[in-house]
Amino acid sequence: MKRLTHDQMAARVARDIPEGAYVNLGIGLPTLVGNHLPKDREIVLHSENGILGVGPTPAPGYEDPELINASKEKVTLVRGGAFFHHADAFAMMRSGHLDFCVLGAFQVSAAGDLANWHTGAPGAIPAVGGAMDLAIGAKRVFVMMEHLTKNGESKIVERCTYPLTGVECVDRIYTDLAVIDVTPDGLSVLETVDGLSVEELQRLTGVPLQRAPMLRVG
Amino acid sequence: MINKIVSTLVAAVADIRDGATIMIGGFGTAGMPSELVDALIEQGGRDLVIVSNNAGNGEIGLAALLKAKRVRKIICSFPRQSDSYVFDALYRAGEIELELVPQGNLAERIRAAGAGIGAFYTPTGYGTMLAEGKETREIDGRHYVLEYPIHADFALIKAERGDRWGNLVYRKAARNFGPIMATAAKCTVAQVNEVVELGGLDPEAIVTPGIFVHRVVAAPGARIKAVA
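Residues numbered from 1 in each chain as written. Chains lettered and ligands numbered in written order. Predicted model: local features only at pLDDT ≥ 70, side-chain atom pairs only at ≥ 80, totals over all residues. Heavy atoms only, no water.

Asker: How should I be thinking about the interface of chain B and chain A in this particular structure?
Answerer: Accessible area lost upon the coming together of the parts is a frequently used measure of interface size. Listed per partner, the contact involves 46 residues of chain B and 35 residues of chain A. Summing the contributions of chain B and of chain A, the shared interface buries around 3,400 Å²; its carbon and sulfur component is 64%. Counting the contacts that link chain B with chain A gives 4 salt bridges. With a closest N to O distance of 3.0 Å, K172 of chain B and D64 of chain A form a salt bridge. The interface formed by chain B and chain A holds 19 residue pairs in polar contact (both at pLDDT 80 or more) in total. (Contact = heavy atoms within 4.5 Å. Buried area = accessible area lost by both parts, 1.4 Å probe. Salt bridge = Lys/Arg side-chain N within 4 Å of Asp/Glu carboxyl O. Polar contact = N/O pair within 3.5 Å; in protein donor to acceptor, adjacent residues only side chain to side chain.)

What follows is the structure, given as structure tokens:
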């Protein structure tokens, strides 16, 4: 089997973002998706600190400390971009104007519960930021994560053991092994990577998987 | 004549009392009114409740206020950052109270205060530990959590330009919490990079109308300093 690299995962997610979409890319792995969006599509990136039309990293010498993204990295503004205050930034999310958000995750449950903000470990300082708002705040919520933990345990679980970010909020999971839809009838495999059968994927995954009608096995 | 211009940063925060609730604008250092916060440190107010998205960076601005042990409680969404070691140490030592609020709920609770809303139902946080003990309601098949507004005695914010009526415009993503915090405090103090004549701001482009602002103080060069 050929596991996808982070960039390959990002490119795979990017393929599913259509022309005209308003998209928020979460902190961590999802920020890579921005590098892979097809150049022939106009896609508007949202940042919850008050930007629509986030552009690429500025050239050296052109950084502006008042033009940063939600990860507090220096960014640029594309032509047509706009600034707005924080309550508007979250209003456009919560009200379903935002089409997609792509989030990282510690765990996703079979029902689409998401855990991605807090390990709950003793002594850990909790910090939530916009994670809970994003989890419930887009028409479609994509998760992008490794399929397995470093110890080889499935990050797709029957019930999340980490504190939840949102309940039944995830629509689709992109991992380094597969693309899986969360449906009312359970998890449905859309794709596996080259050399990975659905049976083998099932062996690695903590919950029962179904085959999507359009399943593409690598 | 209405004149909200205050001549010094120190005078702009002189009457903040011990125990006051103070909103401090900014997302990280963008939009952080660091000069006003420095004036507040000098002013000496203590037992403060701070409402701000983060809990300070390095040892400047809000982090310096925390380090001076002037803050009893902080209401914020993302205290833990790579350079939040001042907050981290106080929190671990049990010397500061933290109310952690999802960022959009923080913004909407501030907005609600400024808009005269008594409380509101929001889907954010439903079913999570940050909604434990809160009222919930199902509306049209979706679950919501009841959240209350956050009012403040003072809001300290940073804007790009202001006039003597308190009209403000902001710069880029430094706008963030400024416009909503301005509406939610009994006394809003704006530090601006430039004070302009009345009429010097395009009325079509004013972001915060002066009715929400009580004091405007020039802190020119704040932006240039941030770049350096």
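Asker: Can you help me understand the pattern of salt bridges in this one?
Answerer: Residue and element names in this part refer to chain A. For the coordinates displayed, the defined rule picks out 24 salt bridges over all chains. Note that E191 is salt-bridged to R15, the shortest N-O span being 3.9 Å. A residue pair is termed long-range when its members are at least 10 positions apart, and E191 in strand 12 (residues 186–192) and R15 in helix 1 (residues 6–15) qualify at 176 residues. Where R172 meets D181, a salt bridge forms, and the shortest distance between an N and an O atom there is 2.7 Å. Comparing R172 with D181, the two get one shared label, buried. Shared partners join several salt bridges into a network, and the residues in it are R12, R15, D16, R172, D181, E191 and R216. (Helix = DSSP H or I, 4+ residues; strand = E, 2+ residues; numbered from the N terminus. Buried < 20%, exposed > 50% of the residue type's maximum accessible area, 1.4 Å probe, protein only.)

Asker: Explanation requested: unusual backbone geometry in the structure shown.
Answerer: Of all residues except glycine, most have a negative phi; of all peptide bonds, most are trans. Residue and element names in this part refer to chain B. Despite not being glycine, K69 shows a phi value in the positive range, around 60°. As for its position among the elements, K69 is in the loop between helix 3 (62–67) and strand 4 (71–76). Even without glycine at this site, D140 takes up a positive phi of about 50°. With respect to the helices and strands, D140 occurs in the loop between strand 7 (136–139) and strand 8 (142–147). Residue class for D140 comes out exposed when judged on its relative accessible area of 81%.

Asker: I tried to follow helix 5 (residues 103–115) of chain B on my own but got confused; where do I start?
Answerer: Along an α-helix, residues three or four apart share an orientation, since each turn contains 3.6 residues. All names here are of chain B. If you check helix 5, its first and last C-alpha atoms are 18 Å apart, about what 13 residues at 1.5 Å a residue would give, namely 18 Å. When you tally the buried positions in helix 5, you get 10 out of 13 residues, the bulk of the element. Of the residues flanking the end of helix 5, it is G116, one or two places downstream, whose phi is positive at about 70°. (Expected span 1.5 Å × (residues − 1).)

Asker: What should I look at first to understand the packing of aromatic side chains in this one?
Answerer: For any two aromatic rings, the description comes down to two numbers: the centre-to-centre distance and the angle of the planes. The full count for this structure, using the stated rule, is 4 aromatic pairs over all chains. Aromatic pair F100 of chain A and F142 of chain A: ring centres 5.3 Å apart, planes at 50°, arrangement tilted. In this pair, F100 of chain A is assigned in strand 5 (residues 100–103) and F142 of chain A in strand 8 (residues 140–144), connecting sequence segments 42 residues apart. Neither F100 of chain A nor F142 of chain A differs from the other in exposure class; each is buried. Relative to Y91 of chain B, the ring of F87 of chain B has its centre 5.5 Å away and its plane inclined at 25°; by these criteria the two rings are stacked. In this pair, F87 of chain B and Y91 of chain B are both assigned in helix 4 (residues 85–92), 4 residues apart and thus about one turn of the helix distant. When its relative accessible area of 0% is taken as the criterion, F87 of chain B is described as buried. Chaining the aromatic ring pairs together yields one cluster made of F100, F142 and Y174 of chain A. A cation sits over an aromatic face here: K72 of chain A above F27 of chain B, 4.3 Å from the ring centre. (Phe/Tyr/Trp six-rings, centres within 6.5 Å; stacked < 30°, edge-to-face > 60°. Lys NZ or Arg CZ within 6 Å of the ring centre and 35° of its normal.)

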